[in-house]
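# Architecture at a glance
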Amino acid sequence: EPEVTQTPSHQVTQMGQEVILRCVPISNHLYFYWYRQILGQKVEFLVSFYNNEISEKSEIFDDQFSVERPDGSNFTLKIRSTKLEDSAMYFCASSYRQGDSPLHFGNGTRLTVT
Amino acid sequence: GQQLNQSPQSMFIQEGEDVSMNCTSSSIFNTWLWYKQDPGEGPVLLIALYKAGELTSNGRLTAQFGITRKDSFLNISASIPSDVGIYFCAGNSGGYQKVTFGTGTKLQVIP
């Protein structure tokens, strides 16, 4: 069964550094998302992306965050200047269409900011 | 913002027992989803519900989309040790498929 893949599985970075988290969504999916999960908490929406532009974002997704689909297969999340509180699991998800097409998640990237 | 509350927060059950957990919302959803998350992994979709009143099964799992569209439950019958994990409900109220996740129910199965 096709799956969403994310790299790296674990990223350690120093406060203030830039990080790029990478995702390869399922190939025929059109909608892409980033979610995050702080340890022990629920999964929180960050941003959705469709037709090469952001379609919705949460209040968490501030100017330090950006997303990009640089080619036909990758979907990236960039954090420009990481803060300690950015430490979390970051999940990429994709879906085929709106409405009756559920989200499929990758296994996440654990980001640790020191 | 939209809030999804799950209950119970955690539960310990004996292997072979049936389990029931539910999810309530402060607002209406068009879609209800149930996911399971194992430690260190991403949420895995268990069941998707698209119509109010819909009852759907997936093996030993059964879920229902409440008539009011503000709640859903998940039942697991004859639990086994690999059912251990955190179960999240999630709702979608339309738009670009953003889903809101519930607070999670942590399930422990005692062999």
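Above this note sits the structure.
In this report, we go over the structure that sits alongside the text. (Residues numbered from 1 in each chain as written. Chains lettered and ligands numbered in written order. Predicted model: local features only at pLDDT ≥ 70, side-chain atom pairs only at ≥ 80, totals over all residues. Heavy atoms only, no water.)

### A closer look at the layout of surface pockets
By volume, the largest pocket amounts to about 410 Å³. Contributing to the lining of the largest pocket are 24 residues, with Gln37 and Gly40 of chain A together with Gln37, Pro39 and Ile86 of chain B lying nearest its centre. Within the residue set of the lining of the largest pocket, elements represented by two or more residues are strand 9 (88–95) of chain A together with strand 9 (85–92) and strand 11 (105–110) of chain B. No other element matches strand 11 of chain B, which puts four residues into the lining of the largest pocket. Of the residues that constitute the lining of the largest pocket, the class distribution is nine nonpolar, ten polar and five charged. (1 Å grid on protein atoms, 1.4 Å probe; cavity = no way out; pocket = protein on both sides within 12 Å on 5 of 7 lines; lining within 4 Å. Points joined across faces, edges and corners; volume = space filled by probe spheres on them. Helix = DSSP H or I, 4+ residues; strand = E, 2+ residues; numbered from the N terminus. Nonpolar A, V, L, I, M, F, W, Y, C, P; charged D, E, K, R; others polar.)

### Topic: the nonpolar core
Among the nonpolar cores identified, the biggest contains 22 residues, and Trp34, Leu46, Phe61, Val67, Phe75, Leu77 and Tyr90 of chain A are the most heavily contacted of them. Discounting residues that sit within four places of it in the chain, Val67 of chain A has contacts with Trp34, Val47, Phe49, Ile54, Phe61, Phe75, Thr76 and Leu77 of chain A. (Core = buried A, V, L, I, M, F, W, Y, C linked by side-chain atoms within 4.5 Å. Buried < 20%, exposed > 50% of the residue type's maximum accessible area, 1.4 Å probe, protein only. Contact = heavy atoms within 4.5 Å.)

### Description of the interface of chain B and chain A
Listed per partner, the contact involves 22 residues of chain B and 25 residues of chain A. Summing both partners gives a buried area of about 1900 Å² for chain B against chain A, and 57% of it is carried by carbon and sulfur. Between chain B and chain A we count zero salt bridges in total. Inspection of the chain B/chain A interface yields four residue pairs in polar contact (both at pLDDT 80 or more). Of all the elements in the fold, those that place two or more residues in the side of chain B that touches chain A are strand 4 (31–37), strand 5 (44–49), strand 9 and strand 10 (99–101) of chain B. Per-element tally for the side of chain B that touches chain A: the top contributor is strand 4 of chain B, with four residues. Within the side of chain B that touches chain A, the residues separate by chemical class into ten nonpolar, ten polar and two charged. (Buried area = accessible area lost by both parts, 1.4 Å probe. Salt bridge = Lys/Arg side-chain N within 4 Å of Asp/Glu carboxyl O. Polar contact = N/O pair within 3.5 Å; in protein donor to acceptor, adjacent residues only side chain to side chain.)

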